[in-house]
Amino acid sequence: PTGSESIEVRQEPYLLRMAMTRDVVSNTFVISEQSKIIRLPVITSRIPLIHFELDSTVLLPATAATVLSNLKRVGVSQETTLIVTGYTCALGTESRNRELSLQRATAVADLIRGHEFRVATVVGKGASNPITNNPQEFYKNRRVEITTRP
């Protein structure tokens, strides 16, 4: 900045809506110059969700290939620290769902670790945080999410 010109840089929440994934709220940098505001999103990448069949932890070869290509597509490098979180639908007991969700997350984490990506956290959250409560759409809740560590 020179003379009477100044630039303000601050962070504000930024909501990014994405198809086939969960909404992501992240901080964004806001750069304002006098009355002009420019928004530059800082996005925490979320890989498209990995879905599983009912009571299954099997990661199909085609799904595995898609996971790896999606990691590359969104710019995740092997130095990026990843968090892998598994979920289930509401069918079944709480203890079985916790176990199943952790097994799903572990299957995905093992896959991406096998391709030299860095996984910091593997968590199974059971039926918590459902995408839908509609029984016809419970398949959407049987998923694994991969996010980058901020």
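Below you will find a few notes about this structure. If you're wondering where the values come from, they're calculated on a predicted model, not measured in any experiment.

### Quick word on the nonpolar core
And then number 1: Formed by 19 residues in total, the largest nonpolar core has its most connected members in Ile50, Leu71, Val84, Val108, Ile112 and Ile146.
And then number 2: Ignoring any residue separated from it by four or fewer positions in sequence, one finds Ile50 in contact with Leu59, Thr63, Val67, Val108, Arg142, Arg143, Val144 and Ile146.

### Concerning the pattern of salt bridges
Any two side chains of opposite charge can pair, given that their charged atoms come close.
And then number 1: Applying the stated criterion to the full structure yields four salt bridges.
And then number 2: The residue Arg96 makes a salt bridge to Glu99 at a minimum N-O spacing of 3.4 Å. With Arg96 and Glu99 both in helix 2 (residues 94-114) and three residues apart, this pair spans about one turn of that helix.
And then number 3: Between Glu145 and Arg143 there is a salt bridge, and its shortest N-O distance comes to 3.0 Å. As far as the burial class goes, Glu145 and Arg143 line up, both buried.
And then number 4: Put simply, Asp55, Arg96 and Glu99 are held in one network by salt bridges that share partners.

### As for the pairing of strand 7 (residues 143-148)
And then number 1: The element strand 7 is largely enclosed, with a buried count of six among its six residues.
And then number 2: Taking every second residue as pointing to the same face, both faces of strand 7 are buried, with Arg143, Glu145 and Thr147 on one and Val144, Ile146 and Thr148 on the other.
And then number 3: Of the pairings in the sheet, the one linking strand 4 (residues 50-51) to strand 7 comprises two bridges and is antiparallel in character. Pairing of His51 across the sheet is with Arg143, part of strand 7.
And then number 4: Strand direction decides the pairing type here: strand 5 (residues 81-86) and strand 7, joined by five bridges, are antiparallel. Note on strand 7: the bridge partner recorded for Leu82 is Thr148.

The rules behind each value
Residues numbered from 1 in each chain as written. Predicted model: local features only at pLDDT ≥ 70, side-chain atom pairs only at ≥ 80, totals over all residues. Heavy atoms only, no water. Core = buried A, V, L, I, M, F, W, Y, C linked by side-chain atoms within 4.5 Å. Buried < 20%, exposed > 50% of the residue type's maximum accessible area, 1.4 Å probe, protein only. Contact = heavy atoms within 4.5 Å. Salt bridge = Lys/Arg side-chain N within 4 Å of Asp/Glu carboxyl O. Helix = DSSP H or I, 4+ residues; strand = E, 2+ residues; numbered from the N terminus. Pairing = 2+ DSSP bridges.

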